[in-house]
Amino acid sequence: ETTWTNNAGMVAEGGTKPESAWAVTLRTENMRKIAHNIPMTEEVLDDVAGLEAQVRGRLVFGVQRKEEQQILSGTGVAPQLTGILNRAGIQTQARGADPFFDAFYKAMTKIRNTAFAEPTAGALNPTDWQNVVLTRTADGLYILGNPGASEAPMRLWGLDIRVTSEMTAGTALVGAFRPYAQLFRRGGITVTMSTEHSTFFVENKVLIQAEERVLAATSDYESYRRSVRWRLVPGLY
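Residues numbered from 1 in each chain as written. Predicted model: local features only at pLDDT ≥ 70, side-chain atom pairs only at ≥ 80, totals over all residues. Heavy atoms only, no water.

Asks: Teacher, can you tell me more about the overall build of the chain here?
Replies: Within the chain, the regular secondary structure consists of six helices and 12 strands. For the chain, whose C-alpha radius of gyration is 24 Å, the value lies well above the compact-globule estimate of 18 Å for 237 residues. Across the chain, contacts joining residues at least 24 apart in sequence account for 71% of those joining residues at least 6 apart. With an accessible surface of roughly 14,100 Å², the chain has 53% of that area assigned to carbon and sulfur atoms. Charged side chains of the chain number 25 positive and 25 negative; the gap between the two group centres comes to 7 Å. (Helix = DSSP H or I, 4+ residues; strand = E, 2+ residues; numbered from the N terminus. Rg over C-alpha atoms; globule rule 2.2 N^0.38 Å. Contact = heavy atoms within 4.5 Å. Areas by Shrake-Rupley, 256 points an atom, 1.4 Å probe, with all protein chains shown as cover. Lys, Arg positive; Asp, Glu negative; His and termini not counted. Charge placed at Lys NZ, Arg CZ, Asp CG, Glu CD.)

Rendered as structure tokens:
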């Protein structure tokens, strides 16, 4: 969606109804591949029970971590995805001297005012989330909950919070992700084994490989404005 002019208005009986403008332009996003592998000997796989399953699990985990990084901060230069933080037009919110909770809510408001969308989630670095959870009142009471209870719900102002080390410490992200961003997976993560690599067959070696093809896309031209990032000032939580 590249043009949207809303001319909806009040119309008197028998009057001419106004015409709005709406146009779409074909855009292309390329599927990208995330993959890695580990070579092993047939002997070690035979002799160490459960090793193959452990290696498969670690390979899948590695692909998932790289996917998370690419969704957030992929550069868009082939073969990388274009991450949310590198989309042209993303809004920014200056933290300034605001308390964290205020800055977070101001980012939500900017999305509502500028992009006419409802925020659905936020993302923070684990250290920043720790500082938020440990925020106390002047009387020493924890704002987000009693330390004697289970961990504080990972929600702020009604939004789910995703904690990931792929977010740079000292930054935060708020967005209307659920309705306006999509991640397409072509068949999901696959794990394969082969002895056909290089001289592996005559060396009794096995290559275990995990890979997936993904595509990150947004729904319309306003999507970039439906996310807000800002700098967090250390010590002002």
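Asks: What should I look at first to understand helix α3 (residues 100–115) in this one?
Replies: Every α-helix carries 3.6 residues per turn, so stepping three or four residues along brings you back to the same face. For α3, which comprises 16 residues, the first-to-last C-alpha distance of 22 Å matches the rise-based estimate of 22 Å (1.5 Å per residue) to within 8%. In the stretch just after α3, F116 is the one whose phi turns positive, near 55°. (Expected span 1.5 Å × (residues − 1).)

Asks: Can you help me understand helix α2 (residues 51–73) in this one?
Replies: Here α2 is 23 residues long and its end C-alpha atoms lie 33 Å apart, about the 33 Å a rise of 1.5 Å per residue gives. Those residues of α2 not exposed but buried are L51, V55, L59, V63, E67, Q69, Q70 and L72. (Buried < 20%, exposed > 50% of the residue type's maximum accessible area, 1.4 Å probe, protein only.)

Asks: Would you mind going over the side chain of E67 with me for this structure?
Replies: Checked against the element boundaries, E67 lands in helix α2. Setting aside anything within four residues of it in sequence, one finds E67 in contact with I34, L183, R185, E212 and V214.

Asks: What am I meant to see in the environment of K33 here?
Replies: For K33, the position within the fold is in strand β3 (residues 32–41). Expressed as a C-alpha distance, the spacing of K33 and L215, which sit 182 residues apart in the sequence, is 8.9 Å. Here E211 takes part through its side chain, which lies 3.2 Å from a polar atom of the side chain of K33. (Polar contact = N/O pair within 3.5 Å; in protein donor to acceptor, adjacent residues only side chain to side chain.)

Asks: I would appreciate a short explanation of the pairing of strand β8 (residues 171–175) in the present structure.
Replies: The element β8 is extensively covered by neighbouring structure, given that five of its five residues are classed as buried. Neither face of β8 is left uncovered, since the one carrying T171, L173 and G175 and the one carrying A172 and V174 both have all their residues buried. For strand β5 (residues 121–124) and β8, the ladder comprises four bridges, and the chain directions are antiparallel. Bridged to A123 within β8 is L173. (Pairing = 2+ DSSP bridges.)

Asks: Is there a simple way to think about the packing of aromatic side chains in this case?
Replies: In this description, a pair of aromatic rings is defined by centroid distance and the angle of the planes. Within the structure shown, the criterion is met by three aromatic pairs. Measuring from centroid to centroid gives 5.9 Å for F100 and F101, while their planes differ by 80°, and the two rings are edge-to-face. Relative to F104, the ring of F100 has its centre 5.9 Å away and its plane inclined at 40°; by these criteria the two rings are tilted. Of this pair, F100 and F104 both sit in helix α3, four residues apart, which is roughly one turn of the helix. In terms of burial, F100 and F104 fall into one category: buried. Ring-pair connections join several aromatic residues into one group, and the members of that group are F100, F101 and F104. (Phe/Tyr/Trp six-rings, centres within 6.5 Å; stacked < 30°, edge-to-face > 60°.)

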